[in-house]
Amino acid sequence: MLGRYFVAAAALLAHAPAALAQDGGGSGVGLRVGSGGIILDYAHALGTHFDLRGGYALGKVSQEVEEDGIDYDADVEFASALAMLDYRPFAGGFRVSAGAYSRAPDITLLTRAEDEQYEIGDSEYTASGRLDGDIDLGVVTPYLGIGWGGTTGGTGLGWSVDVGVMLADAPSAEFVANGRACDSSLFACDPDGPLGFDVNDPDDPRAQAFRSELEDEEDNVEAELEDLRYWPVVSLGVHYRF
């Protein structure tokens, strides 16, 4: 599927020089909603077959997820400028789009442990405290896609649909733990009892082992979320063209 996107982008760029020499003059504003956030954009015609589009994606989606045996409250936040070149091969509503977002979606994970057992790395711990995670997908993120509608052709109100993919970096996970824990791999224990330890104590070998396991957990989550580097974008929009 990605191969078809790259072929389409190459064709778009191959046709660009001649088409961009003429300024079609039309323009429009739009509002799109979908898996890329809420997008406000402005499009300006560059000749008969090309539109230059710029905008901003914003919004946040929250849901409960399970990753590597741990339940999290997950937030996906969109806060990115974007720039697109839309190629309209038939000078109508169908278009092939190539461009970039200034930032990939940001994902945060949060769990509040209340004397519950968690598998962290290859060990099991009972924890009372907090575990925060951040999934980084990179900054400047190329985008390739196709769509219908929302072009500068015509006037008045119109609608659009977009299907594409952000080509983000491989996920990079980072977790920060606070509070107390105890190793319950062999038997139940109380993190606030004599077997418990402060997970951030620099001198406690049990805390050092916990943090080492936490690094393994980061690797496990990165492997499970590998497909997020190809962030799917599906959106519907309304536009006013003038």
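Below or above, wherever it landed, is the structure these notes cover. This one's a predicted model, so the numbers in the text were calculated from it and none came from an experiment. (Residues numbered from 1 in each chain as written. Predicted model: local features only at pLDDT ≥ 70, side-chain atom pairs only at ≥ 80, totals over all residues. Heavy atoms only, no water.)

**Thoughts on the pairing of strand β1 (residues 27–34)**
Consideration 1: Relative to strand β2 (residues 37–46), β1 runs antiparallel, the two sharing 8 bridges. Bridging across to β2, Leu31 finds its partner in Leu40.
Consideration 2: The hairpin formed by β1 and β2 contains 2 residues between the paired strands.
Consideration 3: Of the pairings in the sheet, the one linking β1 to strand β12 (residues 230–241) comprises 7 bridges and is antiparallel in character. Each bridged residue has a counterpart across the sheet, and for Val33 the counterpart in β12 is Leu236. (Pairing = 2+ DSSP bridges. Helix = DSSP H or I, 4+ residues; strand = E, 2+ residues; numbered from the N terminus.)

**Some thoughts on the state of the cysteines**
Consideration 1: One pass over the structure, following the stated rule, counts 1 disulfide.
Consideration 2: Sulfur-sulfur distance for the disulfide between Cys182 and Cys189 comes to 2.0 Å. Its torsion about the S-S bond being 95°, the disulfide of Cys182 and Cys189 is classed as right-handed. In terms of burial, Cys182 and Cys189 fall into one category: buried. (Disulfide = S-S within 2.5 Å. Buried < 20%, exposed > 50% of the residue type's maximum accessible area, 1.4 Å probe, protein only.)

**Here's the deal with the environment of Gly179**
Consideration 1: Position of Gly179 among the secondary structure elements: in strand β10 (residues 172–183).
Consideration 2: A sequence separation of 50 residues divides Gly179 from Gly129, and the C-alpha atoms of the two residues are 4.1 Å apart.
Consideration 3: For Gly179, the residues in contact, after removing those within four places along its chain, are Ser128, Gly129, Phe197, Asp198 and Val199. (Contact = heavy atoms within 4.5 Å.)

**So, the side chain of Ser160**
Consideration 1: Examined against the element boundaries, Ser160 turns out to sit in strand β9 (residues 156–167).
Consideration 2: At a separation of 2.8 Å, a polar atom in the side chain of Ser160 contacts the side chain of His239.
Consideration 3: Apart from the residues lying within four places of it in its own chain, the contact partners of Ser160 are Arg32, Arg95, Trp148, Gly149, Gly150, Ser235, Leu236, Gly237 and His239. (Polar contact = N/O pair within 3.5 Å; in protein donor to acceptor, adjacent residues only side chain to side chain.)

**Some words on a nonpolar patch on the surface**
Consideration 1: A cluster of nonpolar side chains, Leu31, Val33, Ile38, Leu40, Tyr56, Leu58 and Val238, forms an exposed patch at the surface whose accessible area comes to about 580 Å².
Consideration 2: Residue assignment for the nonpolar patch shows that the elements contributing at least two residues are β1, β2 and β3 (50–67).
Consideration 3: Position of Tyr56 relative to the elements: it lies in strand β3.
Consideration 4: A residue is classified by how much of its surface remains accessible, and Tyr56, at 39% relative accessible area, is partly exposed. (Patch = residues over 30% accessible without salt bridge, like charges linked within 9 Å, V, L, I, M, F, W, Y side chains within 5 Å. Areas by Shrake-Rupley, 256 points an atom, 1.4 Å probe, with all protein chains shown as cover. Salt bridge = Lys/Arg side-chain N within 4 Å of Asp/Glu carboxyl O.)

Geometry only, nothing functional implied.
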